[in-house]
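Chain by chain, the residues:
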Amino acid sequence: MANSGKGQHIHFILNNQPYSAHYEANFSKDIPKGVHHLVAFLSRSYHESVKNENSVVVKKVVVGENAKDTIGINITDPTLIYSRPKGTYAGKDTENLLLDFFVLNTTLSEKGNSVKATINGQEFTLTEWSPYVIKGLPLGEVTIKLALQDKNGNNIPGPFNTVTRTVMLTE
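Keep in mind it's a predicted model, so treat the numbers as computed, not measured.

1. Details of the overall build of the protein
Here comes step 1: Looking only at helices and strands, the protein features zero helices and 12 strands.
Here comes step 2: The helix and strand sequence of the protein, counted from the amino end, reads β-β-β-β-β-β-β-β-β-β-β-β.
Here comes step 3: Relative to the globule expectation of 16 Å for 171 residues, the C-alpha radius of gyration of the protein, 16 Å, shows essentially globular dimensions.
Here comes step 4: Seen along its three principal axes, the alpha-carbon backbone of the protein occupies a region of about 50 × 40 × 30 Å.
Here comes step 5: Looking at the protein residue by residue over its 171 residues, the buried ones come to 45%.
Here comes step 6: Put simply, of all contacts in the protein between residues at least 6 apart along the chain, 63% involve residues at least 24 apart.
Here comes step 7: Accessible area for the protein stands at about 9,400 Å²; split by element, carbon and sulfur atoms hold 47% of it.
Here comes step 8: The distance from the centre of the 17 positive side-chain charges to the centre of the 16 negative ones in the protein is 2 Å.

2. What to know about the layout of surface pockets
Gaps between atoms show up when a probe of the same size as a water molecule is rolled over them.
Here comes step 1: In this structure, the largest pocket occupies an estimated 170 Å³ of space.
Here comes step 2: Leu99, Ala117, Ile119, Gln122, Phe124, Leu126, Tyr132, Val133, Ile134, Lys135 and Leu137 are the residues that line the largest pocket.
Here comes step 3: Those elements that place two or more of their residues in the lining of the largest pocket are strand S8 (114-119), strand S9 (122-126) and strand S10 (132-135).
Here comes step 4: Considering each element in turn, the lining of the largest pocket owes the most residues, four residues, to S10.
Here comes step 5: Among the residues forming the lining of the largest pocket, the class breakdown is nine nonpolar, one polar and one charged.

So, how was this worked out
- Residues numbered from 1 in each chain as written.
- Predicted model: local features only at pLDDT ≥ 70, side-chain atom pairs only at ≥ 80, totals over all residues.
- Heavy atoms only, no water.
- Helix = DSSP H or I, 4+ residues; strand = E, 2+ residues; numbered from the N terminus.
- Rg over C-alpha atoms; globule rule 2.2 N^0.38 Å.
- Buried < 20%, exposed > 50% of the residue type's maximum accessible area, 1.4 Å probe, protein only.
- Contact = heavy atoms within 4.5 Å.
- Areas by Shrake-Rupley, 256 points an atom, 1.4 Å probe, with all protein chains shown as cover.
- Lys, Arg positive; Asp, Glu negative; His and termini not counted.
- Charge placed at Lys NZ, Arg CZ, Asp CG, Glu CD.
- 1 Å grid on protein atoms, 1.4 Å probe; cavity = no way out; pocket = protein on both sides within 12 Å on 5 of 7 lines; lining within 4 Å.
- Points joined across faces, edges and corners; volume = space filled by probe spheres on them.
- Nonpolar A, V, L, I, M, F, W, Y, C, P; charged D, E, K, R; others polar.

Okay, structure coming up:
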């Protein structure tokens, strides 16, 4: 899997957009005016999230006067935060892609909530909050969709609970 030579770091995710990696405990980040949902969690050198309640910070951030909440998220509701894969992978890094996400305010199980992963049209039901390795993908564009679902397979409402990302695999 792709590995950061800089080691363990923090995944800083604003509004469930692709993360920025930070290798120091203190850093600054420009945040546009508005109301934002921030999730930051510890990450291993190969980008797997550390999965426990002590490894994450969740905050609603208000920047500027009269900021409007265009997302409308309740930070205590079950929420899915996408982490990996992201970006472009080349050469040997295309062989094993880390599929990783963070769940907030819920657990995953065979008889409870789950994550439906759709990778290039093929569906998988993930009932454990753990990292997954994607193998055997063709070079080119790869589409990954994750959806947080209830025990009946219905999508759980929430602005971040269904997310689609595209990554590139090159020689």
